[in-house]
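Residues per chain are reported as follows:
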Amino acid sequence: MILFASLRVKHAALAAAGAISALGACAFLWASGTAESLFQQGREGTPACATCHGAQGEGGGGGMYPRIAGQPAAYVENQLKDFRDGRRANPLMAPMVAGLTDADAQAVAAYVEGLNAPRAQAQKPDAVQAVLGQALVTVGAWERGVPPCAGCHGPALEGVTPNVPGLARQWPQYLAAQLSAWQQGQRAATPLGLMAKVAHGMTAAEIAAVSAYIGSLPDGEVPGMPRPEKPEAWTPAPQSADNFVPPPDAAIPAGPYGDLVRYGQSIFEQTSKYAGEYSRNGLSCRNCHLDRGRLATSGPMWAAYVHYPEYRKKDGLVNTMQMRIQGCFRYSQNGVVPAADSKEVTALVTYFHWLATGLPTGIKPKAVGYPRLAAPEQKPRPERGARVYAANCALCHGEDGQGRKSGAHPAFPPLWGPQSFNWGAGMHQVDMAAAFIKANMPYGAGNTLSDQDAWDVSAYMNSRPRPQDPRFVDDTEKTREKFHANHEFDFYGKEIDDVLLGGNKPLEK
């Protein structure tokens, strides 16, 4: 109703100024009026949405009927059509929406997005549930294939248009029921089957805890990772380089060292927020190194820490850990190189040192970098990769590859374009990106794509424009010859879709 009223005021002002035609105005008012009428009163053969979901979309029935107020319009529209067309089986909803046209669904969805109902009054979780629920929301349980809820639904759980719903302010009973339905195969886990994988990795206690925790979050709160009042008792011990488990976050010690570990972790998770002076794009370290830099298939930082110093062909130097971090700011962050002894670099090194506690030095862990991918059976082709991208990647990263936001917060990173990594980053190499994609993408569902699909979608991603290589010398051809000619399938300096990748333009200072 708030949206409807504001739209009518806006319409009246525009009409008075002659900015829109009378015919367009009538059509606009009809669509808005139809949406409110359908939601509040319904029509013959189509019951009112408010009957179950409440006059303000607040839900009810002890959590049987979900809160829908404020959900992304595109998501609501898709769900209405899926209920109507049988793609989402629900014996209660199907007859309710059977009479909706596509235009009805679109109008009602826009109306729902504008609703701002008071939050559900949910019982707060007990202390144990709160800690467990917070951990699942912000950290996940990657060892069981459960990524954090915030990784897909946004830092404040507000949802990501068009396909990821908001969880914030939802009835905990409804959240628990849906997770159980996915777990038991009673609800189709579209898109990409992701929620079924997540739900199957959760215990009944975890489902109850995460649902109760989400239901208790204050409006707009961005939950942080759990931090105990005092460190958990933990005794470090030597471990095998090939079966290493990093120390738990709860054991980060108190005092200056522990404070720096946590600061490094914060930079790692939200780079632009905590090291914005040196970052010029929408990426964070966690985008390429999942589970806070711990996941063995995703270039874990504990493995990197004991792997350096090492000679690198890229710059012809023996690189220290500090130099590698500087390189990430220069290339992956498309940013400014911080000093090796800056507080940001020191904090990241300290965080990696903590993660590597108990790992022997001098032995290269198998987990260094990304799992090596076998050579492709066919030469990677961007044309095939475009189809793989549309089916598996656009959901999160956008049809245009520019990533997606949840409200004002970054949710999924841009894969090309001005806010992505530049032509000097390791991820621009098709083989490296293919290895990462195969092992870890779609998010939370690694090893879903075939090897060839991973190669092809990597070729597609890396044949799109992105920021200039900061090593640019004179012109694109010379830069390609010096830095890119020895990388198989490197698209820098090639013309794709009438665009010269890399262009003859140096990186802006």
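These figures come from a predicted structure and were not determined experimentally.

Enquirer: Just to check I follow, could you spell out the side chain of Arg-292 for this structure?
Expert: With respect to the secondary-structure elements, Arg-292 resides in helix H14 (residues 290-293). Polar side-chain contacts of Arg-292 include one of 2.8 Å to the side chain of Asp-291. Discounting residues that sit within four places of it in the chain, Arg-292 has contacts with Val-139, Met-225, Asp-249, Gln-265, Phe-268, Glu-269, Tyr-351 and Leu-355.

Enquirer: Would you take a moment to explain the packing of aromatic side chains for this structure?
Expert: The description of an aromatic ring pair uses the distance of the two centres, along with the angle that the planes make with each other. This model, assessed by the stated rule, comprises 14 aromatic pairs. Here the aromatic rings of Tyr-389 and Tyr-460 are separated by 5.6 Å at their centres, their planes lie at 50°, and the arrangement is tilted. Here Tyr-460 lies in helix H21 (residues 451-461) and Tyr-389 lies in helix H18 (residues 382-392), a separation of 71 residues in the sequence. Here the aromatic residues Phe-268, Tyr-351 and Phe-352 are joined through ring pairs into a cluster of three or more. In this structure, Lys-314 packs its charged tip against the face of Tyr-331, placed 3.9 Å from the ring centre. Between the NZ or CZ atom of Lys-494 and the centre of the ring of Phe-491, over which it lies, the distance is 5.8 Å.

Enquirer: Honestly, the pattern of salt bridges in this entry has me stumped. Any pointers?
Expert: Working definition: two side chains of opposite charge can pair if their charged atoms are close together. Taken as a whole, this structure holds 20 salt bridges when the rule is applied. A salt bridge links Asp-104 to Arg-43, with the nearest nitrogen and oxygen atoms 2.5 Å apart. You can see Asp-104 sitting in helix H6 (residues 102-113) and its partner Arg-43 sitting in the loop between helix H2 (22-40) and helix H3 (50-53), a full 61 residues away along the chain. Owing to a relative accessible area of 5%, Asp-104 belongs among the buried residues under this scheme. Exposure remark for Arg-43: the relative accessible area of 37% places this residue in the partly exposed category. Its salt-bridge partner being Asp-291, residue Arg-292 comes within 2.8 Å of it at the nearest N-O pair. In this structure Asp-291 comes out as buried when scored by relative accessible area, which is 13%. Members of the salt-bridge network, linked through shared partners, are Asp-82, Arg-84, Asp-85, Arg-87 and Asp-102.

Procedures and definitions
- Residues numbered from 1 in each chain as written.
- Predicted model: local features only at pLDDT ≥ 70, side-chain atom pairs only at ≥ 80, totals over all residues.
- Heavy atoms only, no water.
- Helix = DSSP H or I, 4+ residues; strand = E, 2+ residues; numbered from the N terminus.
- Polar contact = N/O pair within 3.5 Å; in protein donor to acceptor, adjacent residues only side chain to side chain.
- Contact = heavy atoms within 4.5 Å.
- Phe/Tyr/Trp six-rings, centres within 6.5 Å; stacked < 30°, edge-to-face > 60°.
- Lys NZ or Arg CZ within 6 Å of the ring centre and 35° of its normal.
- Salt bridge = Lys/Arg side-chain N within 4 Å of Asp/Glu carboxyl O.
- Buried < 20%, exposed > 50% of the residue type's maximum accessible area, 1.4 Å probe, protein only.

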